[in-house]
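The primary structure of each chain is shown beneath.
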Amino acid sequence: MLYELMVARQRELEAFEREIAQRMTLERLLRVEKLERALKRARAKLQVLPDLAKAN
């Protein structure tokens, strides 16, 4: 019985490890997507600047 409990706990810990790794991967992906959106906004703003300089 003790062995079965140990094996069950080990499997549970391995599942937790996979879950944590998946969450970390998702968080990294979300951060990259956020940075990509910020970069697109910055590029769009920079494209407007030359137009403003020509207008004056």
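Above: the structure in question.
### Some remarks on the overall build of the protein
Right, so step 1: Summing up its helical and strand segments, the protein has one helix and zero strands in all.
Right, so step 2: The C-alpha radius of gyration computed for the protein amounts to 25 Å, which surpasses the reference 10 Å derived for 56 residues by more than 25%, pointing to a less compact arrangement than a globule.
Right, so step 3: The principal-axis extents of the C-alpha atoms in the protein amount to approximately 85 × 5 × 5 Å.
Right, so step 4: For the protein, the residues scored as buried account for 2% of the 56 residues in total.
Right, so step 5: Accessible surface for the protein amounts to roughly 5,800 Å². Of this, 62% is attributable to carbon and sulfur atoms.
Right, so step 6: Here the protein contributes 13 positively and 9 negatively charged side chains, and the mean placements of these two sets differ by 11 Å.

### So, the pattern of salt bridges
Right, so step 1: In total, this model carries two salt bridges according to the counting rule given.
Right, so step 2: When the shortest N-O distance is used, the salt bridge between Glu12 and Arg9 registers 2.4 Å. Linking Glu12 with Arg9, this pair stays in helix 1 (residues 2–55), spanning three residues, or about one helical turn.
Right, so step 3: Residue class for Glu12 comes out partly exposed when judged on its relative accessible area of 37%.
Right, so step 4: Residue Arg23 pairs with Glu19 through a salt bridge whose shortest N-O separation is 2.7 Å. In this pair, Arg23 and Glu19 both sit in helix 1, four residues apart, roughly one turn of the helix.
Right, so step 5: Classification of Arg23 by relative accessible area gives exposed; the value is 52%.

### Comments concerning a nonpolar patch on the surface
Right, so step 1: A cluster of nonpolar residues, Leu13, Phe16, Ile20 and Met24, forms a patch on the protein surface that exposes about 370 Å² of accessible area.
Right, so step 2: When you line up the elements, Met24 lands in helix 1.

### Focus on the environment of Glu27
Right, so step 1: By secondary structure assignment, the location of Glu27 is in helix 1.
Right, so step 2: In the structure, Glu27 is positioned 14 residues away from Leu13 in sequence and 21 Å away in space, judged by C-alpha atoms.

### Details of the environment of Ala44
Right, so step 1: Residue position: Ala44 is located in helix 1.
Right, so step 2: Residue class for Ala44 comes out partly exposed when judged on its relative accessible area of 38%.
Right, so step 3: Spatially, the C-alpha atoms of Ala44 and Ala15 are 44 Å apart, while their sequence positions differ by 29 residues.

About the thresholds
- Counting starts from 1 at the beginning of each chain's written sequence and moves along it residue by residue.
- Only residues with pLDDT of at least 70 get local features here, since the model is predicted, and only at 80 or more are side-chain atom pairs given and counted; chain-wide, interface and lining totals rely on the full set of residues.
- Only hydrogens and water are removed before side-chain values are computed, so all heavy atoms of the structure are retained for them.
- Helix numbering and strand numbering both begin at the N terminus, where a helix is a DSSP run of H or I of at least 4 residues and a strand a DSSP run of E of at least 2.
- With the radius of gyration taken over C-alpha atoms, the globule rule is written as 2.2 Å times the number of residues to the power 0.38.
- Note on exposure labels: buried denotes an accessible area under 20% of the residue type's maximum, exposed denotes more than 50%, and partly exposed covers the range between, all computed with a 1.4 Å probe on protein chains only.
- Only the protein chains shown count as cover for residues, and all accessible areas are computed by the Shrake-Rupley method using a 1.4 Å probe.
- Counted as positive: Lys and Arg. Counted as negative: Asp and Glu. His and the chain ends are not counted at all.
- By convention, the charge on Lys lies at NZ, on Arg at CZ, on Asp at CG and on Glu at CD.
- Criterion for a salt bridge: a side-chain nitrogen of Lys or Arg within 4 Å of a carboxyl oxygen of Asp or Glu.
- Exposure above 30% relative accessible area and the absence of a salt bridge qualify a residue for a patch, where like charges join within 9 Å and nonpolar side chains (Val, Leu, Ile, Met, Phe, Trp, Tyr) within 5 Å.

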